[in-house]
Amino acid sequence: MNKVILMGRLTRDPDVRYSQGESATAIARFTLAVDRRFNRNNGDDNNADFISCVAFGRTGEFVEKYLHKGTKVVASGRIQTGSYTNKDGVKVYTTDVVVEDVEFAESKNASAGNDGGYTGGARQSAPVAPAGDGFMNIPDGIDEELPFN
């Protein structure tokens, strides 16, 4: 089984391109900064891994429309490896997470205080709680896509 679940923040705005041809497909590339649970290197401040991700089709379109630098998300998908020969004739190996599903990991209000960037492992003092009625807030602009209005 090849299944990956990550929670982290986008390190920069996604790079989105569309495939050529009759039915253009969105291809969104982005990097997630994922905090490590334990700091393996005593005293080392770099306690995050930077994971290359790619999303295709509707997931790629969602990434393009709603995600930006600093957004905290939960992404699930699979690991894909590959290789190519660069212009100098050197074989380069790649590892990406092909994202099949992505969800917001915090409310819009909580992410507003993040300044749009990676915080270097700083953690919030308390988890983000849902609204008093127990429902999650829906980001602005997404309501026109909901099946109920």
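A quick note: this is a predicted structure, and the numbers were derived from the prediction, not measured.

Colleague: Quick one: what's the story with the overall build of the chain, residue by residue and with numbers?
Modeller: Per the secondary structure count, the chain includes two helices and six strands. Written out in order from the N terminus, the α and β elements of the chain read β-β-β-β-α-β-β-α. Within the chain, the fraction of its 149 residues that count as buried is 29%. Put simply, 62% of the contacts in the chain that link residues at least 6 apart link residues at least 24 apart.

Colleague: Break down the environment of Gly-60 for me, citing the residues and quoting the values.
Modeller: Here Gly-60 shows up in helix H1 (residues 57-66). Exposure remark for Gly-60: the relative accessible area of 0% places this residue in the buried category. Measuring from C-alpha to C-alpha, the distance between Gly-60 and Pro-14 comes to 9.4 Å, with 46 residues separating the pair along the chain. Gly-60 has contacts with Ala-26, Ala-28 and Ala-55, leaving out every residue within four places of it along the chain.

Colleague: Pulling in residues and values, what's your account of the nonpolar core?
Modeller: Across soluble globular proteins, nonpolar side chains show a tendency to be buried alongside one another. One finds Phe-30, Leu-32, Val-99 and Val-102 to be the most contacted residues of the largest nonpolar core, which totals 18 residues. Taken together, the elements giving at least two residues each to this core come down to strand E1 (4-10), strand E3 (26-35), strand E4 (48-56), H1, strand E5 (72-85) and strand E6 (91-104). The leading source of residues in this core is E3, at four residues. Not counting residues up to four positions away in its chain, the partners in contact with Leu-32 are Leu-6, Gly-8, Arg-9, Leu-10, Thr-11, Asp-49, Phe-50, Ile-51, Cys-53, Val-73 and Ala-75.

Colleague: Explain the pattern of salt bridges residue by residue, including any values.
Modeller: Enumeration over the complete set of coordinates arrives at five salt bridges. A salt bridge links Glu-106 to Arg-9; the shortest N-O distance between them is 2.8 Å. Note that Glu-106 is positioned in the loop between E6 and helix H2 (108-112) and Arg-9 in strand E1, a separation of 97 residues in sequence. Given a relative accessible area of 10%, Arg-9 falls into the buried group.

Colleague: Provide a residue-level description of the packing of aromatic side chains, including the pertinent values.
Modeller: Taken as a whole, this structure holds two aromatic pairs when the rule is applied. Consider the rings of Phe-62 and Tyr-66, whose centres lie 5.0 Å apart with planes at 45 degrees: the pair is tilted. With Phe-62 and Tyr-66 both in helix H1 and four residues apart, this pair spans about one turn of that helix. The same class applies to Phe-62 as to Tyr-66, namely buried. Linked through ring pairs, Phe-62, Tyr-66 and Phe-104 together constitute an aromatic cluster.

Cut-offs applied
Counting from 1, residues in each chain are numbered in the order their sequence is written. Local features in this predicted model are restricted to residues of pLDDT 70 or higher, and side-chain atom pairs are both shown and tallied only at a pLDDT of 80 or more, whereas totals for entire chains, interfaces and linings draw on every residue. Excluding hydrogens and water, the side-chain values take into account all heavy atoms of the structure. Numbering of helices and strands runs from the N terminus; a helix is a DSSP stretch of H or I covering at least four residues, while a strand is a stretch of E covering at least two. Only protein chains enter the area calculation, which uses a 1.4 Å probe; residues under 20% of their type maximum are buried, those over 50% are exposed, and those in between are partly exposed. Two residues qualify as a contact provided that any one of their heavy atoms is within 4.5 Å of a heavy atom in the partner residue. Buried Ala, Val, Leu, Ile, Met, Phe, Trp, Tyr and Cys residues that are joined via side-chain atoms within 4.5 Å together make up what is termed a nonpolar core. Basic side-chain nitrogens of Lys or Arg form a salt bridge, by our definition, when they fall within 4 Å of a carboxyl oxygen of Asp or Glu. Between the rings of Phe, Tyr and Trp (Trp by its six-membered ring), a pair exists once the centres lie within 6.5 Å; its type follows the angle of the planes, with under 30 degrees stacked, over 60 edge-to-face, and the other angles tilted.

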